[in-house]
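Okay, here's what each chain looks like letter by letter:
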Amino acid sequence: MADLSILLNCKMPLAAWIIDIDHSSIPFCNAAAESLLTDSLGDIKSGERAIGKVLQERLALHLSELNEGDKLPFKWAFTSKDNTQFHVIGSVVVLDGNRKGLSIEAHPVVSPIVSNATCNINLLSQFKSLSFAVFDQGGNHVNSSEYFSEHFGAIGNLRDLFAVSGAATSFISRLAKQESLFQEISLSTKKGVRWHRIEASHNTSTGNVYLLTHDIQEARDHDVALYRLNNYDTLTSLPNRNLLYQQLESALLNARKRNREFGLLYLDLDNFKVVNDNFGHRVGDELIQRVAERIKKKIPSGACLYRLGGDEFVIVLENTKDITELEGIAESILNNVNNTYPVAEMEMMITASVGIASYPQHANDIDNLLKNADAAMYRAKSTGHNMYCVYEKHMAESINTHLTLGGGLRKAIEEEQFVLHYQPKIRLPDETVVGAEALIRWEHPELGMISPDRFIPLAEESGLILPLGEWVIRRACDQLQEWREAGHPPVKLSVNLSSRQFMQVNLVDMVEQVLEETGVDPKYFELELTESMLMADAKQSIEKLHSFRALGVTLSIDDFGTGYSSLAYLKKLPIQTLKIDRSFINDLGLDNDNDAIVKATIQMAASLNLNVIAEGVENRSQVDALNHYDCQEVQGYLFSKPLSNVDFLLYMQSHGLSNVDALVM
Ligand SMILES: Nc1nc2c(ncn2[C@@H]2O[C@H](COP(=O)(O)O[C@H]3[C@@H](O)[C@H](n4cnc5c(=O)[nH]c(N)nc54)O[C@@H]3COP(=O)(O)O)[C@@H](O)[C@H]2O)c(=O)[nH]1
């Protein structure tokens, strides 16, 4: 056996040959050995393959006391003409006519610097598994090394070695036409079918076939594992970015050649970071797996799904007819993804945004096609999540603005470039002010006033919503105290919570601390939450709401009607107010269905002893209808847009203030 401390050069083939001592000849010699012996061993004459007398006598002396399978008591180390060092070992074999022979293996030795661990392991295992056999003209077994028999068992005929009979026929007929053959093929061994590298020589004088085999199954398995590792995502088992590029290259070639179209859908989960940050990566990973399974079920059979990493997926569809086809797939994926997922004993909600780009309409090369699908996906996100967008030229420009805004957010928080505006909440029917909703604005030094619609999604995705949200709560409480200290009658002020903020572990503690530090009476402070926030993890949400109630803070469900809250579910929540979504108020008095929904919501809220406020009130007929249904409060441009601190005070003075203390719950 080889000295394990010696590192072997995996690039060079293993040289092997058999010496027939009595006949002073070399009946078998593989290609590597042939070139090595020709160049390096003077005792062996090339072509004739005969060994010199001196070597013959020396070997005969050593062999006389050894039996078949024994290793030679000596090892050679020699240097070839090109300065490669070889390490040679041999073992005794029995040849035709019961003559003793020698099987020799030569392994090139390299310095540890140019070698690597994987290569060593592979080669050492090859080294161990080297085996050879001799077959006669009819393919009948004549002789074989000990390892060959151990490895393959009793082989009667050369054909028995092959896993597939067609492979045996082809091998034998090819060997009949040429002197030697080198091939990688699967052979039947005692351990089952395994891959081998085989070298065969055909001895033209005797007609015998000499076969040298190397078991390369482990190396193959290793290669397959390495291929999977490089090309497949370990979490979802989906093909990864490497294979995506490969498919896109071939799709592009195919489409150019045949004048065809192909398209891709770039999908990104909405607010996935919120899940990861609040529930940990294990839960995030599980959610990704479930989502991947759902998407896979919804894509057409010819489409391929790839995971790029994180929460990003790409779907490629070749030979598409038109964009409508891609839109249909996007719609079906979104309908399916947007649902609850049973993950880590919770019911998690997640939505996705999809960008669509198609060749050749949207780009002529792969990089731009991906970039444009990505830009379209960003547009879908910034427009409102849970939707798809087809790429349009201007999107690439808006993505730059998006990034600029994102980059500047952190600095803006540090430099407090934000202000709160206050939109009055009006009591019906007397239309006096009962409070206000605090709404954030970014006073950007270069871009001017930026609406929260543009930066809140960015703040959510980047996690900056946590410091920003805390700033809003603190500023709103400071404001309440400033008004109070200035002698103004008390008003109730509400702030919006984002889903990410709501999942923040120490949110209740933080609010409690701010209330304490600012001295605000909690009954004047309200939190507005949306139904979807509460749905993400209903059990934990309810606990959190109770903790807020224990502080004395009031709670309102914002955008009511757009989520999935049932009456039974609402009953479980310790909330005080329902805010009917603007979309129902828009068509009030015009659309019978909407009227019925608004009326039923107000009645239902009354039966649950909840306060109701309608948002987005813009005209008198809406107010009339809401009065008719006994809605208690309204908010909207008809009364006032969100106002600066100073303007809000003026508004209160001119419009009269309700006795808020009589109303607070
Ligand atoms: N997490 C936080 N979210 C916040 C905060 N401040 C605002 N927001 C959210 O941003 C969204 C956009 O807010 P904004 O541009 O301020 O728009 C508000 C109102 O101006 C608008 N509105 C009010 N009345 C009308 C109307 O009659 N017509 C009409 N077209 N729009 C109107 O509605 C927005 C308030 O909506 P809502 O919160 O649902 O009551 C918005 O989603 C904000 O929630 C923040 O500090 N944190």
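- As annotated in an unreviewed UniProt entry, the protein carries the name EAL domain-containing protein and comes from Marinomonas colpomeniae.

**Examining the packing of helix α9 (residues 281-298) against helix α10 (residues 323-337)**
Logical step 1: Close contact between α9 and α10 brings their axes to 9 Å; oriented N to C, the two are set at 145°. In this structure, α9 meets α10 at a crossing whose hand is right-handed. Every residue of α10 that contacts α9 at V291, R294, I295 and K298 is listed here: S332, I333, N336 and V337.
Logical step 2: Partitioned by chemical class, the residues of the contact of α9 with α10 number four nonpolar, two polar and two charged.

**Quick word on the site of the ligand**
Logical step 1: Neighbouring the ligand are 23 residues, the closest being L439, I440, P452, S498 and G636.
Logical step 2: Of all the secondary-structure elements, those providing two or more residues to the shell around the ligand are β21 (432-444), α13 (452-462), β23 (492-496) and β25 (554-560).
Logical step 3: Of the residues that constitute the shell around the ligand, the class distribution is 10 nonpolar, seven polar and six charged.

**Some words on the nonpolar core**
Logical step 1: Grouped together as the largest cluster of nonpolar side chains are 120 residues, with contacts concentrated most on L265, I315, V354, I356, A373 and A376.
Logical step 2: Counting residues per element, this core draws most heavily on helix α14 (residues 465-485), which supplies nine residues.
Logical step 3: Each of two domains, domain 2 (232-393) and domain 3 (419-655), supplies a minimum of three residues to this core.
Logical step 4: Residues contacting A373, with those up to four places away along its chain left out, are L264, L265, Y266, G355, I356, A357 and Y391.
Logical step 5: By size, the runner-up hydrophobic cluster in this structure holds 33 residues, among which are A16, A106, F148 and F152.

**Notes on the sheet that holds strand β15 (residues 312-320)**
Logical step 1: In spatial order, the strands read β14-β15-β13-β18-β19; together these five strands make up an open sheet with mixed pairing. The two strands at the open ends of the sheet, each matched to only one other strand, are β14 (304-309) and β19 (388-390). Across this sheet, the average inter-strand angle for adjacent strands is 20°, counted without regard to direction.
Logical step 2: Sheet topology places strand β18 (residues 352-359) next to β19; three bridges connect them, and they run parallel. When the sheet's bridge partners are listed, I356 is paired in β19 with V390.
Logical step 3: Taken strand by strand, helix α7 (residues 241-258) contacts β13 (261-269), β14, β15 and β18, and its axis lies near 20° from that of β15.

Scoring rules and cut-offs
Residues numbered from 1 in each chain as written. Predicted model: local features only at pLDDT ≥ 70, side-chain atom pairs only at ≥ 80, totals over all residues. Axes fitted to C-alpha atoms, helices over the stretch in contact; angles between N-to-C directions. Helix = DSSP H or I, 4+ residues; strand = E, 2+ residues; numbered from the N terminus. Left-handed = near helix turned anticlockwise from the far one by under 90°. Contact = placed C-beta atoms within 7 Å. Nonpolar A, V, L, I, M, F, W, Y, C, P; charged D, E, K, R; others polar. Near = placed C-beta within 6 Å. Core = buried A, V, L, I, M, F, W, Y, C linked by C-beta atoms within 7 Å. Buried ≥ 20, exposed ≤ 12 C-beta atoms within 10 Å, placed from the backbone. Domains from an automatic or database assignment. Pairing = 2+ DSSP bridges.

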